[in-house]
Amino acid sequence: LNRGLVDSFSTDNCYIDTLYSVPLSGWSSFTSGIQGCSSCPLDFNYNCSDVDTLFPAGLVVIDQSNNVDTAFYSILVKDTLPPHVLTYPASAVYIKSAEDCQELYYWQEGLTYADNCSGPVQMLNQAINGISVVNYPFLLLPKGNHRLTFTLVDSRGNSRNFLHEFRVIDTIPPVLLNTP
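Residues numbered from 1 in each chain as written. Predicted model: local features only at pLDDT ≥ 70, side-chain atom pairs only at ≥ 80, totals over all residues. Heavy atoms only, no water.

Remarks on the nonpolar core
Thought 1: If you look at the biggest cluster of nonpolar residues, it comprises 17 residues, and the most contacted ones within it are Y105, W107, I128, L141, F150 and F166.
Thought 2: Elements supplying a minimum of two residues to this core: β8 (121-128), β10 (139-142), β11 (144-154) and β12 (159-169).
Thought 3: The next biggest cluster of nonpolar side chains, apart from the first, holds 7 residues, and it includes V51, L59, I75 and V77. (Core = buried A, V, L, I, M, F, W, Y, C linked by side-chain atoms within 4.5 Å. Buried < 20%, exposed > 50% of the residue type's maximum accessible area, 1.4 Å probe, protein only. Helix = DSSP H or I, 4+ residues; strand = E, 2+ residues; numbered from the N terminus.)

See the structure below:
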């Protein structure tokens, strides 16, 4: 968290020299050496273990004449990043049978996803060409272009919709019959 995100446009009649944001856990040691503090923390770093935790902190403004003003605030850490896809299923599926012009597409094969914080990720609204495949790991598809759509939702309710386009390709040569 950058200190600029908690400062509400501090002003001074001359010039603000320094702006510090300090966790309250270190406030007493910080304020005792407030004048000329060269090793004061400038930013806070939070991670997934801090989500939904309230952190009290203080903001310190020092002008050129070493006049000081302070304010207190709280930071509530939130996870707002949705899950993301690591790998998609195949982009091309080749027809293997000469009997028809379609092939099975195993849409879950090769699909991997993750979230920035640990916890379950749920997949919803899985469809191929608008046909729900929620309970089906594969679908028999004709030659041509197709679209896989789905939504990923993490344990905090962050969600993102995904689209994966793929093709079913016919590479089986024709068979010539009844030649003279």
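Further notes follow.
What about the environment of H84?
Thought 1: On the secondary structure map, H84 appears in strand β4 (residues 84-87).
Thought 2: What makes H84 partly exposed here is its relative accessible area of 31%.
Thought 3: Taking the C-alpha atoms as reference points, H84 and V121, 37 residues apart in sequence, are found 9.7 Å from one another.
Thought 4: Setting aside its immediate chain neighbours within four residues, H84 contacts Y113, A114, D115, L152, R160 and F162. (Contact = heavy atoms within 4.5 Å.)

What about the packing of aromatic side chains?
Thought 1: Inspection of every chain in the model, using the stated rule, returns 3 aromatic pairs.
Thought 2: With 5.2 Å between their ring centres and 50 degrees between their planes, Y106 and F138 make a pair best called tilted. Placement of Y106 in the loop between β6 (102-105) and β7 (112-114) and of F138 in the loop between β9 (131-132) and β10 is noted, with a sequence separation of 32 residues between them.
Thought 3: Among the residues examined, Y106 registers a relative accessible area of 39% and is labelled partly exposed.
Thought 4: Its relative accessible area of 36% is what places F138 among the partly exposed residues.
Thought 5: Note on F150 and F162: the rings are 5.4 Å apart at their centroids and 20 degrees apart in plane angle, and the pair reads as stacked. In this pair, F150 is assigned in strand β11 and F162 in strand β12, connecting sequence segments 12 residues apart.
Thought 6: Under the relative-accessibility criterion, F150 is labelled buried at 1%.
Thought 7: Assessed through its relative accessible area of 9%, F162 is described here as buried. (Phe/Tyr/Trp six-rings, centres within 6.5 Å; stacked < 30°, edge-to-face > 60°.)

Thoughts on the sheet that holds strand β5 (residues 92-94)
Thought 1: Across the sheet, 5 strands lie side by side as β5-β12-β11-β8-β9; this open sheet has mixed pairing. The open sheet has two edge strands with one neighbour each: β5 and β9.
Thought 2: Bridge analysis of β11 against β12 gives 10 bridges, and the strand direction is antiparallel. Counted as the bridge partner of N145 is R167 from β12. (Pairing = 2+ DSSP bridges.)

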